[in-house]
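Residue strings, one per chain:
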Amino acid sequence: MLLASVENFPVKSWRQLDRTTLLGLLLSLFSIAAGLLIEGGALLDILQWPAALIVLGGTAGAVLLQTPWGTLNRSFHRLRQVFLEPFQDAVHLTDEIVVFAIKARRSKLLALEDEAAEASDPFLRKGLSMAVDGAKLPDIQRILEMELIHEEERGYQEAQVFEAAGGFAPTIGILGAVLGLIQVMKNLSHTDQIGHGIATAFVATVYGVGFANLVFLPIANKIRARLLAEKMRRELMLEGISAIVEGVNPKLIRERLETFTPSDLRSPKSSASARRQEAAA
């Protein structure tokens, strides 16, 4: 009996809510609102649609001006990685690759022809399919490494869209404040309204700094963190595919792949009977 069936491993999914994103967003909004109320202010003081229109509209226009449509479109699809995270992790991948390794060692690579199509990750499916088709190891590694590099480059371009928005927003917020002050200066004869007008003008600055540092820049950094995690996952898969093609003992493959996982997160299934099956393969 193999360690597990390929069908038992979860296909990569982004349906698991990232609690740190939600918690961080709620905490920042609550802290700002609470501080405003403690100082004697009111939420209506900063809820002004003209200021939001200037900042968000101006920022969106600047981003559109500098970003190719394809990159912009992919960046919005990348947003799901900010709020959702995959179920599958290095532990599942290690167990899955070891299953493939055991079967390949017992019955040769051709025995993986059907199972390779059911691998949980497209990157893993592609590598195993090339191996089954008889591609040489250097060719497999070169193709997969190129895919890894290009995917990473595209991901960083998409993260830069939100980083750019984080750079534009504060400046456009200042522009909005200046526009508001212009309106105040036009009505200096109404001295009783000057203070209120100045306060209203600076709301655009609050929006610009707030959106930049609470939304746009954190989104860019979260996307980069996801890209780094995905790069490590793909490097794990590439190492596993290479080891399978080389005919390495499944027990040694597990030892190699577990270096990608912190020791406290390694699967307890990788001991006892599982290890005996790997050693016997």
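Residues numbered from 1 in each chain as written. Predicted model: local features only at pLDDT ≥ 70, side-chain atom pairs only at ≥ 80, totals over all residues. Heavy atoms only, no water.

This brings us to the nonpolar core. Of all hydrophobic cores here, the largest spans 26 residues; its most connected members are Ile97, Leu124, Leu128, Ile244 and Ile253. For this core, the secondary-structure elements that each account for two or more residues are α5 (90–107), α7 (122–132), α8 (137–185), α10 (203–246) and α11 (250–257). Ile244 has contacts with Ile97, Phe100, Ala101, Ala104, Leu109, Leu112, Leu128 and Ile253, leaving out every residue within four places of it along the chain. Of all hydrophobic cores here, the second largest spans 12 residues; its members include Val63, Leu72, Ala169 and Phe216. (Core = buried A, V, L, I, M, F, W, Y, C linked by side-chain atoms within 4.5 Å. Buried < 20%, exposed > 50% of the residue type's maximum accessible area, 1.4 Å probe, protein only. Helix = DSSP H or I, 4+ residues; strand = E, 2+ residues; numbered from the N terminus. Contact = heavy atoms within 4.5 Å.)

With that settled, the discussion passes to a negative patch on the surface. Together, Glu113, Asp114, Glu118 and Asp133 line one region of the surface with negative charge. Tracing the chain through its elements places Glu118 in the loop between α6 (113–116) and α7. Judged by its relative accessible area of 38%, Glu118 falls in the partly exposed class. (Patch = residues over 30% accessible without salt bridge, like charges linked within 9 Å, V, L, I, M, F, W, Y side chains within 5 Å. Areas by Shrake-Rupley, 256 points an atom, 1.4 Å probe, with all protein chains shown as cover. Salt bridge = Lys/Arg side-chain N within 4 Å of Asp/Glu carboxyl O. Lys, Arg positive; Asp, Glu negative; His and termini not counted. Charge placed at Lys NZ, Arg CZ, Asp CG, Glu CD.)

Here we take up the side chain of Asp18. Mapping Asp18 onto the fold places it in the loop between β1 (16–17) and α1 (19–38). By relative accessible area, which is 4% here, Asp18 ends up buried. Within the local environment of Asp18, its side chain forms a polar contact with the side chain of Thr20, the two groups lying 2.5 Å apart. Those residues in contact with Asp18, other than ones at most four positions away along the chain, are Val82, Phe83, Leu84, Glu85, Lys222 and Arg226. (Polar contact = N/O pair within 3.5 Å; in protein donor to acceptor, adjacent residues only side chain to side chain.)

Scanning all chains against the criterion turns up 19 salt bridges. For Arg234, the salt bridge is made with Glu230, and the minimal N-O distance between the two is 3.2 Å. Note that Arg234 and Glu230 are positioned in helix α10 at a spacing of four residues, about one turn of the helix. Overall, the relative accessible area of 13% leaves Arg234 in the buried class.

Taken as a whole, this structure holds three aromatic pairs when the rule is applied. Both rings, one in Phe76 and one in Phe162, keep their centres 6.5 Å apart while their planes meet at 85°; by these two values the pair is edge-to-face. One end of the pair, Phe76, is in helix α3 (residues 69–77); the other, Phe162, is in helix α8, and 86 residues separate them in sequence. Taken together, the ring pairs in this structure connect Tyr207, Phe211 and Phe216 into an aromatic cluster. (Phe/Tyr/Trp six-rings, centres within 6.5 Å; stacked < 30°, edge-to-face > 60°.)

A negative phi angle characterises most non-glycine residues, just as the trans form characterises most peptide bonds. The residue Lys108 is not glycine, and still its phi comes out positive at about 75°. Tracing the sequence through the fold places Lys108 in the loop between α5 and α6. Classification of Lys108 as exposed rests on a relative accessible area of 61%.

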